[in-house]
Amino acid sequence: MIPQLYPQVPHNYIFELNKDMNFSSAHYIPDERAGACARVHGHTYFLNLTIGGNELDELGFLINFSELKQLIHGRFDHQLLNELPELAGRIPSTEKMAELIHELVQSHLNTLPNQPQCLQVFLRETPTSYVVYRGAK
Ligand SMILES: Nc1nc2c(c(=O)[nH]1)N=C([C@H](O)[C@H](O)COP(=O)(O)OP(=O)(O)OP(=O)(O)O)CN2
Ligand SMILES: [Zn+2]
């Protein structure tokens with residue numbers, strides 16, 4: 001995996017966990033204003049998740065790294081994003097994907113007794129294009 005630089009998120013949590021992963025997906029932007037992106041094409045997305053919290057679980061984890069990978073890579077890798085039920089009614093832009101990933105991760109974190117928080121989603125779609133999403137305040 002190519003080392004990435006991504007912005008740091010300010011917070012006061014004792015622990016900050018970061019998980020990097022790639023997933024390869026096809027998509028299209030269903031509007032002629034998107035030009036060539038209106039045709040089905042693929043990306044190897046790079047994702048960095050930043051999770052914060054003050055309490056660990058009985059394993060000493062804020063959240064198991066592999067749970068985060070399963071939650072996102074397991075769902076989006078080698079899929080046509082436009083056809084996924086999670087994307088129903090949403091355009092699979094980088095912005096909307098980052099927002100959805102934040103929702104999926106935070107929903108999972110909300111089930112954990114130690115209540116970690118998803119502080120930042122960094123989603124790179126191409127070598128020259130990325131989005132940072134931090135959720136509603
Ligand atoms: N704000 C957004 N603009 C665009 C998105 C998007 O998700 N949000 N997506 C696309 C296309 O899907 C495309 O795959 C990526 O666009 P782009 O960065 O223009 O891709 P290039 O590799 O051609 O970029 P260059 O820097 O010109 O090489 C379009 N816009
Ligand atoms: Zn694209």
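Residues numbered from 1 in each chain as written. Chains lettered and ligands numbered in written order. Predicted model: local features only at pLDDT ≥ 70, side-chain atom pairs only at ≥ 80, totals over all residues.

- As recorded in an unreviewed UniProt entry, the chain goes by 6-carboxy-5,6,7,8-tetrahydropterin synthase and comes from Macrococcus hajekii.
- UniProt annotates the chain under Catalytic activity (unreviewed entry) with the comment "7,8-dihydroneopterin 3'-triphosphate + H2O = 6-carboxy-5,6,7,8-tetrahydropterin + triphosphate + acetaldehyde + 2 H(+)".
- According to the UniProt record, the Sequence similarities (unreviewed entry) comment for the chain is "Belongs to the PTPS family. QueD subfamily." (UniProt positions renumbered as here; feature names shortened; annotations may be inferred.)

## Quick look at the overall build of the chain
Logical step 1: Helix and strand counts for the chain come out as 2 helices and 5 strands.
Logical step 2: Listing every helix and strand of the chain by position from the N terminus yields β-β-α-β-α-β-β.
Logical step 3: A compact globule built from 137 residues should have a C-alpha radius of gyration of about 14 Å, and the chain, at 15 Å, falls within 12% of that.
Logical step 4: Dimensions of the chain along its principal axes, counting C-alpha atoms only, are 50 × 30 × 30 Å.
Logical step 5: For the chain, the residues scored as buried account for 25% of the 137 residues in total. (Helix = DSSP H or I, 4+ residues; strand = E, 2+ residues; numbered from the N terminus. Rg over C-alpha atoms; globule rule 2.2 N^0.38 Å. Buried ≥ 20, exposed ≤ 12 C-beta atoms within 10 Å, placed from the backbone.)

## Observations concerning the site of ligand 1
Logical step 1: Around ligand 1, the structure places Ile29, Cys37, Ser93, Thr94, Glu95, Glu125, Thr126, Thr128 and Ser129.
Logical step 2: The set of elements that each furnish at least two residues to the shell around ligand 1 consists of α2 (94-109) and β4 (117-126).
Logical step 3: Its residues assigned to classes, the shell around ligand 1 comprises 2 nonpolar, 5 polar and 2 charged. (Near = placed C-beta within 6 Å. Nonpolar A, V, L, I, M, F, W, Y, C, P; charged D, E, K, R; others polar.)

## Some thoughts on the environment of Pro7
Logical step 1: One can find Pro7 in the segment before β1 (15-27).
Logical step 2: Sequence-wise, Pro7 and Pro85 are 78 residues apart; in three dimensions their C-alpha atoms are separated by 31 Å.

## Let's talk about the UniProt feature "active site" (unreviewed entry) in the chain
Logical step 1: In the numbering used here, UniProt assigns the feature "active site" (unreviewed entry) to Cys37, His78 and Glu125.
Logical step 2: For Cys37, the position within the fold is in the loop between β1 and β2 (41-53).
Logical step 3: Apart from residues no more than four positions distant in its own chain, Cys37 is found in contact with Tyr28 and Ile29.
Logical step 4: Mapping His78 onto the fold places it in the loop between α1 (65-76) and β3 (79-80).
Logical step 5: For His78, a count of 10 C-beta atoms within 10 Å gives the class exposed. (Contact = placed C-beta atoms within 7 Å.)

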